[in-house]
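# Chain and residue survey
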Amino acid sequence: MPNDSKITSDFNKTLKQVQGDSGVDCEILRSAQNDGIYPSPLVGEGELLNERSEFSNSGEGSKNIKLAKFAGFCYGVKRAVETAKKLKSENPDKNIFVLGELIHNAHVIKELEALGIKTLTEIPEKGEGICVIRSHGESPQVIEKIKNAGFEIVDLTCPDVKKVQQKAIELAKGGYFVVIVGKSEHPEVVAIRANAELYSDKIVVAATPEQLKEYDLNNQRVGVVVQTTQRISTLNSIVEYLKNIVSELRVENTICKSTSMRQTEAKELAQNSDLVIVVGSKKSANTTHLAEILKDITNTIHIENADELESYKELLEKSNSISITAGASTPQDVIDKVISELNHPL
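Here is a short report on the structure shown in this document. (Residues numbered from 1 in each chain as written. Predicted model: local features only at pLDDT ≥ 70, side-chain atom pairs only at ≥ 80, totals over all residues. Heavy atoms only, no water.)

## A closer look at the state of the cysteines
One pass over the full model with this rule turns up 0 disulfides. Cysteine Cys74 is unpaired, with the sulfur of Cys158 as its nearest cysteine sulfur at 5.9 Å. Exposure remark for Cys74: the relative accessible area of 11% places this residue in the buried category. Here Cys256 stays unpaired: no disulfide links it, and the sulfur of Cys74, its closest cysteine neighbor, is 6.2 Å away. (Disulfide = S-S within 2.5 Å. Buried < 20%, exposed > 50% of the residue type's maximum accessible area, 1.4 Å probe, protein only.)

This is the structure:
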């Protein structure tokens, strides 16, 4: 079974440099992924991450095809999708809404709509029924607006995302200048920022060190949290920049365990593959980050479904060893269709 030891050691190496090279007072707290918010796949709960074994084709001239053990729905996504479906089945006569897409996958959204679970793009002045908070979370202001509209709220924010929100709030309350490592427009980051801004106006979002240079962080007490689906290299680069200019640096590694294990395993597979196929939505942050990481190792294609394989026919034909992985919001049947197409190409 893959593990995230390398990710942990890379991160600790960075923080040792922070402490040893700069003279900055730097504190590394426990990663949120180790706080036991839900049963870890490393202790026998593999089903939460769709753990499965590798497989390969057999026969003369066949290709060697491997499927990642950690591919497809993570715990938070699985929880959100199954709970939304259960809400509708238990309340057939009630309106069930989700504010924004429940997860970043068009296939799943269509499935939910077919069940009568509707996506809201904005909050009406008056509403009736249940409104679900999606796995990315929402701002306190938006949640209050949903209540005032008359909806019953069911909060399906991923527990790991909730933990990032709480860590950001703690840093803000502690007087730190809070840096959120992530993409400013991503709904998870928007919600993290909104929660922290209830307690401080010193909140910034950055995905690169260059984006921090416009802020006066010299000799500041700085606290860092991370979007759960970010790359560890992105966090490391920002910590490297901050360590040389701040008076105190407090870092919360809130990259979730699912993301860490998925990325680590995929990198190991890529090192022994002619081609890696990443399956999942182009809007999914964790899926796009996965593809970005693997492109530095071997030939990598990012597809949303099996139909897109046709565009890579030549590359597929010349690749003898192919690995498949998938983002945390990719449903199993989409992965299965990709595997079937590779095994039985038209």
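This is not the end of the story, as more comes after the structure.
## Considerations on the environment of Lys118
By the element assignment, Lys118 lies in strand E4 (residues 117–120). Separated by 20 residues in the primary sequence, Lys118 and Val98 place their C-alpha atoms 6.2 Å from one another. Each residue touching Lys118, except ones within four places of it in the same chain, is listed here: Asn95, Ile96, Phe97 and Val98. (Helix = DSSP H or I, 4+ residues; strand = E, 2+ residues; numbered from the N terminus. Contact = heavy atoms within 4.5 Å.)

## Some remarks on the nonpolar core
Residues Ile277, Val279, Leu309 and Leu342 are the most contacted members of the largest nonpolar core, which totals 22 residues. Put simply, the parts of the chain that give this core at least two residues each are strand E2 (64–67), strand E11 (275–279), strand E12 (299–303), helix H10 (313–318), strand E13 (321–326) and helix H11 (332–343). Sort the elements by how many residues they give to this core and H11 lands first, with 5 residues. When sequence neighbours within four positions are dropped, the list of residues in contact with Ile277 reads Ile301, Ile303, Leu309, Leu316, Ile322, Ser323, Ile324, Thr325 and Leu342. (Core = buried A, V, L, I, M, F, W, Y, C linked by side-chain atoms within 4.5 Å.)

## Here's the deal with the sheet that holds E4
On the basis of which strands lie adjacent, the open sheet formed by 4 strands has the order E4-E3-E5-E6 and parallel pairing. Each of the sheet's edge strands pairs with one partner strand only, and the pair in question is E4 and strand E6 (152–155). For this sheet the average axis-to-axis angle between neighbouring strands, irrespective of direction, equals 30°. Here strand E5 (residues 130–133) pairs with E6 via 4 bridges, running parallel. Counted as the bridge partner of Ile130 is Glu152 from E6. Packed on one face of the sheet, helix H2 (residues 75–90) meets strand E3 (96–99), E4, E5 and E6 and runs near 120° to E4. (Pairing = 2+ DSSP bridges. Axes fitted to C-alpha atoms, helices over the stretch in contact; angles between N-to-C directions.)

## Regarding the pairing of strand E9 (residues 221–226)
Summarising burial for E9: 5 of the 6 residues are buried, a large majority. The pairing of strand E7 (residues 177–181) with E9 spans 5 bridges and is classified as parallel. Looking at E9, one finds that Val179 is bridged to Val224. Taken together, the 4 bridges between E9 and strand E10 (residues 248–251) define a ladder with parallel strand orientation. Bridge pairing in E10 places Gly223 opposite Arg250. Between the parallel pair E9 and E10, the chain is carried across by helix H7 (residues 232–242), and the sense of this crossover is right-handed. (Right-handed = clockwise from strand over helix to strand, strands pointing away.)

## Description of H11
With 12 residues, H11 should reach 16 Å at 1.5 Å per residue; the first-to-last C-alpha distance of 17 Å fits that figure. The secondary structure elements touched by the buried residues of H11 are E2, helix H3 (106–114), E11, E12, H10 and E13. (Expected span 1.5 Å × (residues − 1).)

## Looking at the side chain of His302
By the secondary structure assignment, His302 is in strand E12. Accessibility expressed as a relative area gives 9% for His302, which makes it buried. Of the polar contacts made by the side chain of His302, one reaches the backbone oxygen of Gly280; its length is 2.8 Å. (Polar contact = N/O pair within 3.5 Å; in protein donor to acceptor, adjacent residues only side chain to side chain.)

## Points about helix H8 (residues 257–270)
End to end, H8 covers 20 Å across 14 residues, agreeing with the expected 20 Å (1.5 Å per residue, within 8%). In terms of residue burial, H8 counts as a mostly covered element, since 12 of its 14 residues are buried. The set of residues buried in H8 consists of Lys257, Ser258, Thr259, Ser260, Met261, Arg262, Gln263, Thr264, Glu265, Ala266, Leu269 and Ala270.

## With respect to the packing of aromatic side chains
Evaluated as defined, the whole model comprises 1 aromatic pair. Judged by centre distance (5.6 Å) and plane angle (75°), the rings of Phe97 and Phe151 are edge-to-face. Taken together, the residues span a long stretch of sequence, with Phe97 in strand E3 and Phe151 in the loop between helix H4 (140–149) and E6 at a distance of 54 residues. Phe97 gets classed as buried once you look at its relative accessible area, which sits at 12%. (Phe/Tyr/Trp six-rings, centres within 6.5 Å; stacked < 30°, edge-to-face > 60°.)

## Description of the packing of H8 against helix H9 (residues 285–295)
Relative to each other, H8 and H9 sit at 30°, their axes nearing to 10 Å. By crossing handedness, the relation of H8 to H9 is classed as right-handed. Contact with H8, carried on its side by Arg262, Gln263, Ala266, Lys267 and Ala270, involves Asn286, His289, Leu290, Ile293 and Leu294 of H9 and no other residues of that element. Along the lines of polarity and charge, the residues of the contact of H8 with H9 split into 5 nonpolar, 3 polar and 2 charged. (Left-handed = near helix turned anticlockwise from the far one by under 90°. Nonpolar A, V, L, I, M, F, W, Y, C, P; charged D, E, K, R; others polar.)

## Some words on unusual backbone geometry
Although it is not a glycine, Asn219 sits at a positive phi angle of roughly 60°. For Asn219, the position within the fold is in the loop between strand E8 (203–206) and E9.

## As for the sheet that holds E2
Taken together, 4 strands build an open sheet; the order of strands is E2-E13-E11-E12 and the sheet is parallel. What marks the edges here is a single partner per strand, and that holds for E2 and E12. This sheet shows a mean twist of 20° between the axes of neighbouring strands, independent of strand direction. The pairing of E11 with E13 spans 5 bridges and is parallel. Within E13, the residue paired with Leu275 across the bridge is Ile322.

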